[in-house]
Amino acid sequence: MLDGSKETIYALSTPAGRGGVAVVRVSGPDAKMSLPVLGISDVPKPRVATRAALKRAADDTPIDDALVLSFPGPASFTGEDVIEFHLHGGMAIIDAVQAILGDCPGFRLAQAGEFTRRAFWNGKIDLVEAEGLVDLIEAETEAQRIQALRQLKGSLSALYNGWQKQLADQLALVELGLDFSDEGDVEEADSGLDRQMMETILQEMQTHLNDGRRGEIVRNGIKVAIVGAPNVGKSSLLNALAGRDAAIVSDVAGTTRDRVDVHLNLGGQALVLTDTAGLRDSEDVIEQEGIRRSLSAASEADIVLLMGEYGSDDGIPAIDTAGAEPIVVWNKADLSPVQTSGGSCSRPGISISARTGDGISALEEALTNLVRSLALQSEAPALTRARHREAVHSAVARMEEAMREPDAVLLAEHLRSAVAALGRIIGKVDVEDLLDRIFRDFCIGK
Ligand SMILES: Nc1nc2c(ncn2[C@@H]2O[C@H](COP(=O)(O)OP(=O)(O)O)[C@@H](O)[C@H]2O)c(=O)[nH]1
Ligand SMILES: [Mg+2]
(Lines give C-alpha, C1' and ligand atoms only; values in the text may rest on other atoms or scores of the structure.)
(Ligands and ions follow the chains in the order given, each with its own letter.)
Protein backbone atom coordinates (compact mmCIF):
# COMPACT_ATOMS: atom_id res chain seq x y z
CA MET A 1 0.00 0.00 0.00
CA LEU A 2 1.31 3.44 -0.90
CA ASP A 3 -0.40 5.59 1.67
CA GLY A 4 0.79 6.02 5.19
CA SER A 5 4.19 4.93 3.97
CA LYS A 6 7.07 6.60 5.68
CA GLU A 7 9.14 6.62 2.56
CA THR A 8 10.30 9.85 1.00
CA ILE A 9 9.37 10.18 -2.64
CA TYR A 10 10.83 12.28 -5.42
CA ALA A 11 10.00 12.92 -9.07
CA LEU A 12 10.35 15.32 -11.92
CA SER A 13 7.16 17.38 -11.74
CA THR A 14 7.54 19.22 -15.04
CA PRO A 15 7.31 17.46 -18.44
CA ALA A 16 10.24 15.25 -19.37
CA GLY A 17 12.59 16.68 -21.97
CA ARG A 18 14.50 19.89 -22.47
CA GLY A 19 13.10 23.15 -21.15
CA GLY A 20 14.01 26.42 -19.50
CA VAL A 21 13.29 25.12 -16.04
CA ALA A 22 12.64 21.67 -14.59
CA VAL A 23 11.18 21.14 -11.13
CA VAL A 24 12.11 18.09 -9.09
CA ARG A 25 9.88 17.63 -6.09
CA VAL A 26 10.73 15.68 -2.93
CA SER A 27 8.15 14.84 -0.26
CA GLY A 28 8.26 12.81 2.92
CA PRO A 29 9.69 12.65 6.40
CA ASP A 30 13.29 12.76 5.17
CA ALA A 31 12.79 15.34 2.43
CA LYS A 32 15.41 17.63 3.99
CA MET A 33 17.98 14.86 3.56
CA SER A 34 17.98 15.80 -0.13
CA LEU A 35 19.80 19.05 0.68
CA PRO A 36 23.19 17.91 2.06
CA VAL A 37 23.62 15.22 -0.61
CA LEU A 38 23.32 18.00 -3.18
CA GLY A 39 25.84 20.19 -1.37
CA ILE A 40 23.40 22.49 0.43
CA SER A 41 24.32 22.84 4.08
CA ASP A 42 21.54 25.16 5.27
CA VAL A 43 17.83 24.47 4.92
CA PRO A 44 16.41 27.46 2.96
CA LYS A 45 13.91 29.69 4.74
CA PRO A 46 10.38 28.26 4.37
CA ARG A 47 8.71 29.18 1.07
CA VAL A 48 11.54 31.48 -0.05
CA ALA A 49 13.26 30.71 -3.35
CA THR A 50 16.94 30.42 -2.52
CA ARG A 51 19.75 30.23 -5.03
CA ALA A 52 22.13 27.32 -4.56
CA ALA A 53 25.11 25.82 -6.36
CA LEU A 54 24.13 22.17 -6.55
CA LYS A 55 26.88 19.59 -6.50
CA ARG A 56 27.27 15.90 -5.92
CA ALA A 57 28.39 16.09 -2.29
CA ALA A 58 30.08 12.69 -2.49
CA ASP A 59 32.78 13.94 -4.88
CA ASP A 60 32.13 17.68 -5.15
CA THR A 61 31.14 17.51 -8.85
CA PRO A 62 29.19 20.68 -9.73
CA ILE A 63 25.70 19.96 -11.11
CA ASP A 64 23.71 23.17 -11.58
CA ASP A 65 23.09 26.71 -10.46
CA ALA A 66 19.54 26.28 -9.15
CA LEU A 67 16.76 27.54 -6.93
CA VAL A 68 15.69 25.55 -3.90
CA LEU A 69 12.46 25.89 -1.92
CA SER A 70 11.48 24.35 1.36
CA PHE A 71 7.87 23.80 2.38
CA PRO A 72 7.85 22.35 5.89
CA GLY A 73 4.82 20.13 6.58
CA PRO A 74 1.96 20.39 7.21
CA ALA A 75 1.86 23.68 5.28
CA SER A 76 2.79 22.05 1.98
CA PHE A 77 0.96 20.55 -0.98
CA THR A 78 1.28 17.00 0.36
CA GLY A 79 1.10 17.97 4.02
CA GLU A 80 4.58 16.46 4.47
CA ASP A 81 7.97 18.18 4.37
CA VAL A 82 8.53 19.14 0.74
CA ILE A 83 11.69 20.34 -0.99
CA GLU A 84 11.59 21.63 -4.55
CA PHE A 85 14.59 21.98 -6.82
CA HIS A 86 14.09 24.37 -9.71
CA LEU A 87 16.79 23.24 -12.10
CA HIS A 88 17.78 24.29 -15.55
CA GLY A 89 15.73 22.01 -17.76
CA GLY A 90 18.40 19.78 -19.24
CA MET A 91 18.27 15.99 -19.31
CA ALA A 92 21.77 15.53 -17.85
CA ILE A 93 21.01 17.85 -14.92
CA ILE A 94 17.69 16.16 -14.16
CA ASP A 95 19.25 12.69 -14.41
CA ALA A 96 22.16 13.65 -12.13
CA VAL A 97 19.86 15.08 -9.46
CA GLN A 98 17.47 12.11 -9.62
CA ALA A 99 20.37 9.65 -9.41
CA ILE A 100 21.65 11.32 -6.23
CA LEU A 101 18.16 11.38 -4.69
CA GLY A 102 17.70 7.72 -5.59
CA ASP A 103 20.81 6.86 -3.58
CA CYS A 104 19.46 8.50 -0.42
CA PRO A 105 18.35 5.91 2.13
CA GLY A 106 14.54 5.72 2.35
CA PHE A 107 14.06 7.62 -0.92
CA ARG A 108 12.28 6.24 -3.96
CA LEU A 109 10.79 7.51 -7.20
CA ALA A 110 7.16 8.58 -6.78
CA GLN A 111 4.43 6.59 -8.47
CA ALA A 112 1.82 8.22 -10.71
CA GLY A 113 -0.32 10.65 -8.73
CA GLU A 114 1.45 9.87 -5.46
CA PHE A 115 2.06 13.48 -4.39
CA THR A 116 -1.66 14.22 -4.73
CA ARG A 117 -2.51 10.91 -3.10
CA ARG A 118 -0.46 11.91 -0.06
CA ALA A 119 -2.18 15.30 -0.06
CA PHE A 120 -5.47 13.39 0.11
CA TRP A 121 -4.31 11.09 2.91
CA ASN A 122 -3.05 14.03 4.89
CA GLY A 123 -6.40 15.78 4.57
CA LYS A 124 -5.10 18.59 2.34
CA ILE A 125 -7.68 17.92 -0.38
CA ASP A 126 -10.62 15.58 -0.81
CA LEU A 127 -11.27 13.29 -3.76
CA VAL A 128 -13.49 15.73 -5.64
CA GLU A 129 -10.79 18.38 -5.33
CA ALA A 130 -8.14 15.88 -6.48
CA GLU A 131 -10.27 15.20 -9.56
CA GLY A 132 -10.57 18.96 -10.05
CA LEU A 133 -6.78 19.12 -10.07
CA VAL A 134 -6.49 16.47 -12.83
CA ASP A 135 -9.15 18.31 -14.83
CA LEU A 136 -7.39 21.64 -14.35
CA ILE A 137 -4.10 20.26 -15.63
CA GLU A 138 -5.90 18.67 -18.55
CA ALA A 139 -8.18 21.63 -19.32
CA GLU A 140 -7.87 22.72 -22.93
CA THR A 141 -10.59 25.33 -23.09
CA GLU A 142 -11.55 28.32 -21.00
CA ALA A 143 -14.81 26.73 -19.82
CA GLN A 144 -13.01 23.56 -18.73
CA ARG A 145 -10.40 25.58 -16.86
CA ILE A 146 -12.98 27.65 -14.98
CA GLN A 147 -15.02 24.60 -14.02
CA ALA A 148 -11.97 22.59 -12.91
CA LEU A 149 -10.55 25.45 -10.87
CA ARG A 150 -13.88 25.85 -9.10
CA GLN A 151 -13.91 22.15 -8.34
CA LEU A 152 -10.31 22.25 -7.09
CA LYS A 153 -11.18 25.19 -4.87
CA GLY A 154 -13.85 23.08 -3.22
CA SER A 155 -17.20 24.44 -4.40
CA LEU A 156 -18.43 21.01 -5.48
CA SER A 157 -16.99 19.37 -2.36
CA ALA A 158 -18.79 21.93 -0.21
CA LEU A 159 -22.10 20.95 -1.80
CA TYR A 160 -21.59 17.20 -1.23
CA ASN A 161 -20.10 17.80 2.21
CA GLY A 162 -23.06 19.93 3.23
CA TRP A 163 -25.59 17.29 2.23
CA GLN A 164 -23.58 14.53 3.81
CA LYS A 165 -23.16 16.34 7.08
CA GLN A 166 -26.81 17.32 7.43
CA LEU A 167 -28.00 13.80 6.64
CA ALA A 168 -25.40 12.30 8.98
CA ASP A 169 -26.81 14.50 11.76
CA GLN A 170 -30.28 13.14 11.04
CA LEU A 171 -28.91 9.61 11.05
CA ALA A 172 -27.30 10.25 14.44
CA LEU A 173 -30.69 11.40 15.75
CA VAL A 174 -32.48 8.22 14.64
CA GLU A 175 -29.70 6.04 15.97
CA LEU A 176 -29.79 7.79 19.29
CA GLY A 177 -33.56 7.33 19.39
CA LEU A 178 -33.14 3.61 18.64
CA ASP A 179 -30.52 3.19 21.34
CA PHE A 180 -32.71 4.70 24.00
CA SER A 181 -36.05 3.25 23.00
CA ASP A 182 -37.50 0.13 24.54
CA GLU A 183 -38.54 -2.74 22.38
CA GLY A 184 -42.04 -1.31 22.31
CA ASP A 185 -41.58 2.23 21.08
CA VAL A 186 -39.05 1.90 18.29
CA GLU A 187 -41.61 3.74 16.18
CA GLU A 188 -40.89 6.85 18.14
CA ALA A 189 -37.19 6.67 17.44
CA ASP A 190 -37.54 8.89 14.39
CA SER A 191 -39.67 11.51 16.07
CA GLY A 192 -36.82 14.02 16.25
CA LEU A 193 -36.18 13.92 12.50
CA ASP A 194 -36.33 17.13 10.51
CA ARG A 195 -38.31 15.72 7.60
CA GLN A 196 -38.74 19.09 5.98
CA MET A 197 -34.97 19.50 5.76
CA MET A 198 -34.51 15.97 4.43
CA GLU A 199 -37.12 16.68 1.77
CA THR A 200 -35.25 19.86 0.78
CA ILE A 201 -31.95 18.02 0.45
CA LEU A 202 -33.62 15.32 -1.60
CA GLN A 203 -34.96 17.98 -3.95
CA GLU A 204 -31.57 19.69 -4.17
CA MET A 205 -29.95 16.39 -5.09
CA GLN A 206 -32.59 15.76 -7.75
CA THR A 207 -32.05 19.21 -9.24
CA HIS A 208 -28.31 18.59 -9.21
CA LEU A 209 -28.86 15.37 -11.18
CA ASN A 210 -31.22 16.99 -13.68
CA ASP A 211 -28.83 19.68 -14.81
CA GLY A 212 -28.79 18.62 -18.46
CA ARG A 213 -25.31 17.16 -17.90
CA ARG A 214 -23.85 20.64 -18.23
CA GLY A 215 -20.77 19.88 -16.09
CA GLU A 216 -20.01 16.69 -17.97
CA ILE A 217 -20.59 18.48 -21.27
CA VAL A 218 -18.01 21.13 -20.39
CA ARG A 219 -15.56 18.54 -19.16
CA ASN A 220 -15.89 15.97 -21.97
CA GLY A 221 -16.77 18.34 -24.80
CA ILE A 222 -20.10 18.86 -26.50
CA LYS A 223 -20.84 16.11 -29.00
CA VAL A 224 -21.86 17.38 -32.40
CA ALA A 225 -22.72 14.90 -35.18
CA ILE A 226 -23.07 15.78 -38.88
CA VAL A 227 -25.64 13.58 -40.56
CA GLY A 228 -27.27 13.58 -43.97
CA ALA A 229 -27.51 11.74 -47.28
CA PRO A 230 -24.32 10.70 -49.12
CA ASN A 231 -22.48 13.41 -51.03
CA VAL A 232 -24.21 16.41 -49.47
CA GLY A 233 -20.83 17.61 -48.16
CA LYS A 234 -20.68 16.37 -44.56
CA SER A 235 -16.97 15.56 -44.70
CA SER A 236 -16.30 18.88 -46.43
CA LEU A 237 -18.05 20.72 -43.59
CA LEU A 238 -16.08 18.80 -40.96
CA ASN A 239 -12.87 19.80 -42.70
CA ALA A 240 -14.01 23.41 -43.03
CA LEU A 241 -14.81 23.63 -39.32
CA ALA A 242 -11.65 21.78 -38.30
CA GLY A 243 -9.50 23.90 -40.58
CA ARG A 244 -7.74 20.81 -41.91
CA ASP A 245 -8.38 17.76 -44.07
CA ALA A 246 -9.44 15.39 -41.32
CA ALA A 247 -11.93 13.42 -43.43
CA ILE A 248 -11.69 12.23 -47.02
CA VAL A 249 -13.85 14.23 -49.41
CA SER A 250 -14.88 12.75 -52.74
CA ASP A 251 -17.77 12.76 -55.14
CA VAL A 252 -18.08 9.00 -54.78
CA ALA A 253 -21.12 8.44 -52.61
CA GLY A 254 -20.34 6.21 -49.64
CA THR A 255 -16.74 7.42 -49.19
CA THR A 256 -17.05 7.99 -45.46
CA ARG A 257 -17.69 4.63 -43.84
CA ASP A 258 -16.46 5.06 -40.31
CA ARG A 259 -17.02 7.96 -38.00
CA VAL A 260 -14.31 10.60 -37.85
CA ASP A 261 -13.99 12.59 -34.62
CA VAL A 262 -12.34 16.00 -34.48
CA HIS A 263 -11.76 17.95 -31.26
CA LEU A 264 -12.35 21.69 -31.55
CA ASN A 265 -12.28 24.70 -29.30
CA LEU A 266 -15.29 26.79 -30.24
CA GLY A 267 -15.61 30.07 -28.37
CA GLY A 268 -13.88 28.59 -25.32
CA GLN A 269 -15.95 25.42 -25.24
CA ALA A 270 -14.66 21.95 -26.04
CA LEU A 271 -16.47 20.31 -28.91
CA VAL A 272 -16.22 16.85 -30.42
CA LEU A 273 -17.37 17.02 -34.02
CA THR A 274 -18.24 13.71 -35.68
CA ASP A 275 -18.46 13.08 -39.41
CA THR A 276 -20.54 10.06 -40.29
CA ALA A 277 -21.39 7.83 -43.21
CA GLY A 278 -24.14 9.13 -45.49
CA LEU A 279 -27.55 7.71 -44.79
CA ARG A 280 -29.01 5.64 -47.63
CA ASP A 281 -30.14 2.12 -48.38
CA SER A 282 -27.02 0.15 -49.10
CA GLU A 283 -26.22 -3.45 -49.98
CA ASP A 284 -22.62 -3.05 -48.86
CA VAL A 285 -22.20 -4.61 -45.40
CA ILE A 286 -19.37 -2.27 -44.44
CA GLU A 287 -21.40 0.75 -45.47
CA GLN A 288 -24.39 -0.63 -43.58
CA GLU A 289 -22.23 -0.81 -40.46
CA GLY A 290 -21.11 2.77 -41.14
CA ILE A 291 -24.73 3.88 -41.37
CA ARG A 292 -25.52 2.08 -38.14
CA ARG A 293 -22.66 4.05 -36.54
CA SER A 294 -24.00 7.29 -38.00
CA LEU A 295 -27.35 6.72 -36.36
CA SER A 296 -25.71 5.84 -33.09
CA ALA A 297 -23.51 8.98 -33.26
CA ALA A 298 -26.65 11.02 -33.86
CA SER A 299 -28.41 9.48 -30.90
CA GLU A 300 -25.45 10.10 -28.57
CA ALA A 301 -24.90 13.65 -29.74
CA ASP A 302 -25.83 16.82 -27.87
CA ILE A 303 -26.26 18.67 -31.17
CA VAL A 304 -27.00 17.19 -34.60
CA LEU A 305 -26.22 19.06 -37.80
CA LEU A 306 -28.82 17.77 -40.25
CA MET A 307 -27.43 18.42 -43.68
CA GLY A 308 -29.10 18.64 -47.04
CA GLU A 309 -28.18 19.98 -50.45
CA TYR A 310 -29.28 23.56 -51.02
CA GLY A 311 -32.25 23.78 -53.35
CA SER A 312 -32.63 20.03 -53.67
CA ASP A 313 -35.91 18.35 -52.99
CA ASP A 314 -34.35 15.39 -51.27
CA GLY A 315 -34.27 17.38 -48.08
CA ILE A 316 -32.75 16.31 -44.87
CA PRO A 317 -33.01 12.89 -43.31
CA ALA A 318 -35.88 12.27 -40.96
CA ILE A 319 -34.02 10.57 -38.17
CA ASP A 320 -34.61 10.33 -34.49
CA THR A 321 -32.18 12.78 -32.92
CA ALA A 322 -33.18 11.54 -29.47
CA GLY A 323 -33.36 14.77 -27.57
CA ALA A 324 -30.33 16.34 -29.25
CA GLU A 325 -30.64 19.90 -30.52
CA PRO A 326 -30.93 19.91 -34.33
CA ILE A 327 -29.45 22.56 -36.61
CA VAL A 328 -30.52 22.31 -40.26
CA VAL A 329 -27.72 23.07 -42.70
CA TRP A 330 -28.16 23.49 -46.46
CA ASN A 331 -24.84 22.99 -48.22
CA LYS A 332 -23.61 23.76 -51.75
CA ALA A 333 -25.27 27.16 -51.77
CA ASP A 334 -22.64 28.15 -54.37
CA LEU A 335 -24.36 25.94 -56.95
CA SER A 336 -27.62 27.78 -56.60
CA PRO A 337 -28.12 31.12 -58.38
CA VAL A 338 -30.33 32.70 -55.71
CA GLN A 339 -29.04 32.44 -52.17
CA THR A 340 -31.67 33.52 -49.78
CA SER A 341 -31.38 31.94 -46.39
CA GLY A 342 -33.18 28.66 -46.45
CA GLY A 343 -34.71 29.88 -49.76
CA SER A 344 -36.31 27.16 -51.77
CA CYS A 345 -35.58 24.54 -49.18
CA SER A 346 -38.23 22.53 -47.48
CA ARG A 347 -37.06 23.43 -43.98
CA PRO A 348 -35.54 26.67 -42.74
CA GLY A 349 -31.89 26.39 -41.91
CA ILE A 350 -28.49 27.90 -42.42
CA SER A 351 -27.25 27.85 -45.99
CA ILE A 352 -23.55 27.41 -46.47
CA SER A 353 -20.97 26.41 -48.99
CA ALA A 354 -18.34 24.13 -47.54
CA ARG A 355 -16.44 24.69 -50.77
CA THR A 356 -16.26 28.51 -50.78
CA GLY A 357 -16.60 29.00 -47.04
CA ASP A 358 -19.74 31.13 -47.40
CA GLY A 359 -22.04 30.87 -44.40
CA ILE A 360 -19.52 28.91 -42.31
CA SER A 361 -19.09 31.76 -39.85
CA ALA A 362 -22.89 32.11 -39.50
CA LEU A 363 -23.04 28.39 -38.78
CA GLU A 364 -20.22 28.69 -36.24
CA GLU A 365 -22.09 31.49 -34.56
CA ALA A 366 -25.32 29.50 -34.35
CA LEU A 367 -23.35 26.55 -33.03
CA THR A 368 -21.55 28.68 -30.44
CA ASN A 369 -24.83 30.11 -29.16
CA LEU A 370 -26.36 26.69 -28.85
CA VAL A 371 -23.25 25.30 -27.16
CA ARG A 372 -23.27 28.18 -24.68
CA SER A 373 -26.88 27.57 -23.79
CA LEU A 374 -26.23 23.84 -23.27
CA ALA A 375 -23.14 24.33 -21.16
CA LEU A 376 -24.77 27.24 -19.41
CA GLN A 377 -22.27 28.80 -17.07
CA SER A 378 -23.94 29.15 -13.76
CA GLU A 379 -22.62 29.74 -10.29
CA ALA A 380 -24.05 26.48 -9.01
CA PRO A 381 -21.35 23.80 -9.10
CA ALA A 382 -22.11 21.17 -11.71
CA LEU A 383 -21.76 17.42 -11.69
CA THR A 384 -18.63 16.70 -13.66
CA ARG A 385 -18.17 12.95 -13.59
CA ALA A 386 -20.19 9.79 -14.00
CA ARG A 387 -18.70 8.65 -10.67
CA HIS A 388 -20.43 11.55 -8.88
CA ARG A 389 -23.63 11.04 -10.84
CA GLU A 390 -23.86 7.37 -9.82
CA ALA A 391 -23.30 8.20 -6.17
CA VAL A 392 -25.79 11.08 -6.03
CA HIS A 393 -28.24 8.86 -7.88
CA SER A 394 -27.93 6.13 -5.31
CA ALA A 395 -28.16 8.67 -2.45
CA VAL A 396 -31.41 9.97 -3.97
CA ALA A 397 -32.82 6.44 -4.31
CA ARG A 398 -32.02 5.62 -0.69
CA MET A 399 -33.39 8.94 0.55
CA GLU A 400 -36.65 8.31 -1.29
CA GLU A 401 -36.91 4.96 0.46
CA ALA A 402 -36.01 6.51 3.79
CA MET A 403 -38.69 9.18 3.43
CA ARG A 404 -41.48 6.64 3.01
CA GLU A 405 -40.18 4.09 5.52
CA PRO A 406 -42.34 3.75 8.63
CA ASP A 407 -39.92 1.46 10.47
CA ALA A 408 -37.19 3.46 12.23
CA VAL A 409 -34.62 0.65 12.01
CA LEU A 410 -35.00 0.41 8.24
CA LEU A 411 -35.19 4.16 7.88
CA ALA A 412 -31.83 4.44 9.63
CA GLU A 413 -30.41 1.82 7.28
CA HIS A 414 -31.53 3.75 4.18
CA LEU A 415 -30.24 6.99 5.60
CA ARG A 416 -26.90 5.36 6.39
CA SER A 417 -26.59 4.17 2.77
CA ALA A 418 -27.40 7.66 1.48
CA VAL A 419 -24.78 9.20 3.78
CA ALA A 420 -22.25 6.58 2.68
CA ALA A 421 -22.96 7.22 -1.01
CA LEU A 422 -22.31 10.94 -0.56
CA GLY A 423 -19.25 10.19 1.54
CA ARG A 424 -17.81 8.05 -1.24
CA ILE A 425 -17.82 11.04 -3.60
CA ILE A 426 -15.58 13.13 -1.39
CA GLY A 427 -13.66 10.17 -0.03
CA LYS A 428 -14.92 10.02 3.52
CA VAL A 429 -15.78 6.32 3.59
CA ASP A 430 -14.95 3.15 1.70
CA VAL A 431 -12.26 4.92 -0.23
CA GLU A 432 -9.63 2.21 -0.50
CA ASP A 433 -11.01 0.67 -3.66
CA LEU A 434 -11.63 4.06 -5.20
CA LEU A 435 -8.14 5.41 -4.88
CA ASP A 436 -6.51 3.42 -7.64
CA ARG A 437 -9.27 4.37 -10.02
CA ILE A 438 -8.89 8.07 -9.33
CA PHE A 439 -5.15 8.40 -9.07
CA ARG A 440 -4.35 6.35 -12.14
CA ASP A 441 -5.32 9.44 -14.21
CA PHE A 442 -2.36 11.25 -12.73
CA CYS A 443 1.15 11.06 -14.06
CA ILE A 444 4.32 10.73 -12.09
CA GLY A 445 5.42 13.94 -10.40
CA LYS A 446 1.93 15.14 -9.59
N1 LIG B 1 -20.14 22.92 -55.23
C2 LIG B 1 -19.95 22.43 -54.04
N3 LIG B 1 -19.52 21.18 -53.89
C4 LIG B 1 -19.32 20.70 -52.65
C5 LIG B 1 -19.57 21.50 -51.51
N6 LIG B 1 -19.31 20.75 -50.42
C7 LIG B 1 -18.89 19.55 -50.86
N8 LIG B 1 -18.90 19.50 -52.21
C9 LIG B 1 -18.53 18.37 -53.08
O10 LIG B 1 -19.48 17.34 -52.89
C11 LIG B 1 -18.85 16.07 -52.97
C12 LIG B 1 -19.14 15.26 -51.73
O13 LIG B 1 -18.53 15.90 -50.62
P14 LIG B 1 -18.26 15.14 -49.28
O15 LIG B 1 -17.80 16.16 -48.30
O16 LIG B 1 -17.39 13.97 -49.50
O17 LIG B 1 -19.75 14.68 -48.93
P18 LIG B 1 -20.26 13.61 -47.87
O19 LIG B 1 -20.48 12.35 -48.58
O20 LIG B 1 -21.53 14.17 -47.35
O21 LIG B 1 -19.21 13.49 -46.80
C22 LIG B 1 -17.38 16.35 -53.18
O23 LIG B 1 -17.09 16.24 -54.56
C24 LIG B 1 -17.21 17.77 -52.70
O25 LIG B 1 -16.14 18.43 -53.32
C26 LIG B 1 -20.05 22.85 -51.70
O27 LIG B 1 -20.29 23.61 -50.77
N28 LIG B 1 -20.21 23.25 -52.99
MG1 LIG C 1 -18.21 11.91 -46.19
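- In the annotation of an unreviewed UniProt entry, the entry for the protein reads tRNA modification GTPase MnmE, and the organism field reads Hwanghaeella grinnelliae.
- Quoted straight from UniProt, the Subunit (unreviewed entry) entry for the protein says "Homodimer. Heterotetramer of two MnmE and two MnmG subunits."
- Annotation of the protein in UniProt includes, under Subcellular location (unreviewed entry), the sentence "Cytoplasm".

**Description of the coordination of the magnesium ion (ligand 2)**
Thought 1: All of the protein donors around the magnesium ion (ligand 2) are S235 (OG) and T256 (OG1); their distances to the metal are 2.0 to 2.1 Å. Placement of the pair is S235 in helix 9 (residues 234-242) and T256 in the loop between helix 9 and strand 8 (260-266), with a sequence separation of 21 residues. When sorted by exposure, S235 lands in the same class as T256, which is buried.

**Digging into the nonpolar core**
If you look at soluble globular proteins, the nonpolar side chains tend to sit buried side by side.
Thought 1: Formed by 32 residues in total, the largest nonpolar core has its most connected members in Y160, L167, M205, M399 and L415.
Thought 2: At the level of elements, helix 6 (155-180), helix 7 (195-209), helix 12 (386-403) and helix 13 (408-426) are the ones that each hand at least two residues to this core.
Thought 3: A total of 10 residues in this core trace back to one element, the largest contributor, which is helix 13.
Thought 4: Residues in contact with M399, not counting those within four places in the same chain, are L167, M198, L202, M205, L415 and A418.

**Section: the site of ligand 1**
Thought 1: Near ligand 1 you find 18 residues, and of these N231, K234, S235, S236 and D334 are the closest.
Thought 2: Here G233 contributes a backbone N or O atom positioned 2.9 Å from an oxygen atom of ligand 1.
Thought 3: Of the residues assigned to the shell around ligand 1, the class counts are five nonpolar, eight polar and five charged.

**Structural notes on the pattern of salt bridges**
Thought 1: Counted according to the given criterion, the structure contains 25 salt bridges.
Thought 2: Of the charged contacts in the structure, one is a salt bridge between E175 and R416, with a shortest N-O distance of 2.4 Å. Taken as a pair, E175 in helix 6 and R416 in helix 13 lie far apart in primary sequence, 241 residues in all.
Thought 3: Judged by its relative accessible area of 32%, R416 falls in the partly exposed class.
Thought 4: Between R259 and D261 there is a salt bridge, and its shortest N-O distance comes to 3.6 Å.
Thought 5: R259 sits in the partly exposed class, given a relative accessible area of 29%.

Reading the values: rules and limits
- Residues numbered from 1 in each chain as written.
- Chains lettered and ligands numbered in written order.
- Predicted model: local features only at pLDDT ≥ 70, side-chain atom pairs only at ≥ 80, totals over all residues.
- Heavy atoms only, no water.
- UniProt positions renumbered as here; feature names shortened; annotations may be inferred.
- Donors = N, O, S within 2.8 Å, 3.2 Å for Na, K, Ca; no water.
- Helix = DSSP H or I, 4+ residues; strand = E, 2+ residues; numbered from the N terminus.
- Buried < 20%, exposed > 50% of the residue type's maximum accessible area, 1.4 Å probe, protein only.
- Core = buried A, V, L, I, M, F, W, Y, C linked by side-chain atoms within 4.5 Å.
- Contact = heavy atoms within 4.5 Å.
- Near = heavy atom within 4 Å.
- Polar contact = N/O pair within 3.5 Å; in protein donor to acceptor, adjacent residues only side chain to side chain.
- Nonpolar A, V, L, I, M, F, W, Y, C, P; charged D, E, K, R; others polar.
- Salt bridge = Lys/Arg side-chain N within 4 Å of Asp/Glu carboxyl O.

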